[in-house]
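Remarks on the overall topology
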Amino acid sequence: MIKVLVVDDSDVLRRITKFNLKRAGFEVYEAVDGLDGLKKMKETKPQVVILDVMMPNLDGFGVLAKMHEDLELSGIKVIMLTAKGGDDDAEHAVKLGANMFLTKPFSPKNLVEAVNELAGK
Ligand SMILES: [Mg+2]
């Protein structure tokens, strides 16, 4: 089963995203901020990470930078969640190694398609 880790400080976003991904047949894990995200990546070894930009402790860009430095994490595919109007964020995320980005609010269908594409399904 494909493992997906959702890293977002919003309880509501995590709940909705988890619901949709589980329904699509993925094994889903959650992390509440950037530091928790890095820890859970090591524990759960997901194929795909859904990564928010704005988070306490360590933001999405900081997480990407840390992943890039860590051989254990650098191969994990990343879908960055950017805010509406955050074109600079999307560009920055791609430069730092994000594979795709979705602008909030995104549809469940687009999310599932993005995960499937990155997971090579
Ligand atoms: Mg946030």
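Everything numeric in this text was worked out from a predicted model, so none of it was measured. (Residues numbered from 1 in each chain as written. Predicted model: local features only at pLDDT ≥ 70, side-chain atom pairs only at ≥ 80, totals over all residues.)

1. Section: helix α2 (residues 34–44)
Since the α-helix advances by 3.6 residues per turn, residues separated by three or four positions end up pointing in the same direction. Along α2, the residues classified as buried are G34, G37, L38 and M41. All buried residues of α2 lie within an arc of 95° about the axis, which places them on one face of the element. Exposed residues lying more than 90 degrees from the buried face of α2 are K39 and E43. Packing partners of the buried residues in α2 comprise β1 (3–7), β2 (27–31), β3 (48–52) and α3 (60–69). (Buried ≥ 20, exposed ≤ 12 C-beta atoms within 10 Å, placed from the backbone. Helix = DSSP H or I, 4+ residues; strand = E, 2+ residues; numbered from the N terminus. Arc of directions from axis to C-beta. Contact = placed C-beta atoms within 7 Å.)

2. Overview of the environment of K3
Topologically, K3 is positioned in strand β1. In this structure the C-alpha to C-alpha distance between K3 and D36, which are 33 residues apart in sequence, comes to 17 Å. Residues in contact with K3, not counting those within four places in the same chain, are E27, Y29, T44, K45, P46 and Q47.

3. Here we look at the nonpolar core
Counting residues in each nonpolar core, the largest one holds 28 residues, and the members touching the most others are V4, V49, L51 and M80. Ignoring any residue separated from it by four or fewer positions in sequence, one finds V49 in contact with L5, V7, M41, I76 and V78. (Core = buried A, V, L, I, M, F, W, Y, C linked by C-beta atoms within 7 Å.)

4. A look at the environment of V12
Considering the arrangement of structural elements, one finds V12 in helix α1 (residues 11–23). What makes V12 exposed here is the crowd of 8 C-beta atoms within 10 Å.

5. What about the packing of α1 against helix α5 (residues 108–119)?
Two elements in contact, α1 and α5, have axes whose closest approach is 10 Å; the angle formed by their N-to-C orientations is 60°. In terms of their interaxial angle, α1 and α5 are classed as oblique. Our pair here, α1 against α5, has a crossing hand that is right-handed. Residues T17, N20 and L21 of α1 form the contact with α5, whose participating residues are P108, L111, V112 and V115. Residues of the contact of α1 with α5, tallied by class, amount to 5 nonpolar, 2 polar and no charged. (Axes fitted to C-alpha atoms, helices over the stretch in contact; angles between N-to-C directions. Parallel < 35°, antiparallel > 145°, perpendicular 65-115°, else oblique. Left-handed = near helix turned anticlockwise from the far one by under 90°. Nonpolar A, V, L, I, M, F, W, Y, C, P; charged D, E, K, R; others polar.)

6. Details of unusual backbone geometry
Residue P105 follows K104 across a cis peptide bond; omega there is -5°. For P105, the position within the fold is in the loop between β5 (100–103) and α5. Phi is positive for K45, which is not a glycine, with a value near 45°. For K45, the location among the structural elements is in the loop between α2 and β3. One non-glycine residue, N57, lies in positive phi territory at about 70°. With respect to the element layout, N57 can be found in the loop between β3 and α3.

7. Here's the deal with the pairing of β1
The buried fraction of β1 is high, at 4 of 5 residues. Inspection of the sheet shows β1 paired to β2 by 5 bridges, in the parallel sense. Along β2, the bridge assignment pairs V7 with A31. One crossover worth recording links β1 to the parallel β2 by way of α1, and it is right-handed. One ladder, built from 4 bridges, connects β1 with β3; its direction is parallel. Each residue of the ladder has a partner; that of L5, found in β3, is V49. (Pairing = 2+ DSSP bridges. Right-handed = clockwise from strand over helix to strand, strands pointing away.)

Interpretation in functional terms is not warranted from these geometric data alone.
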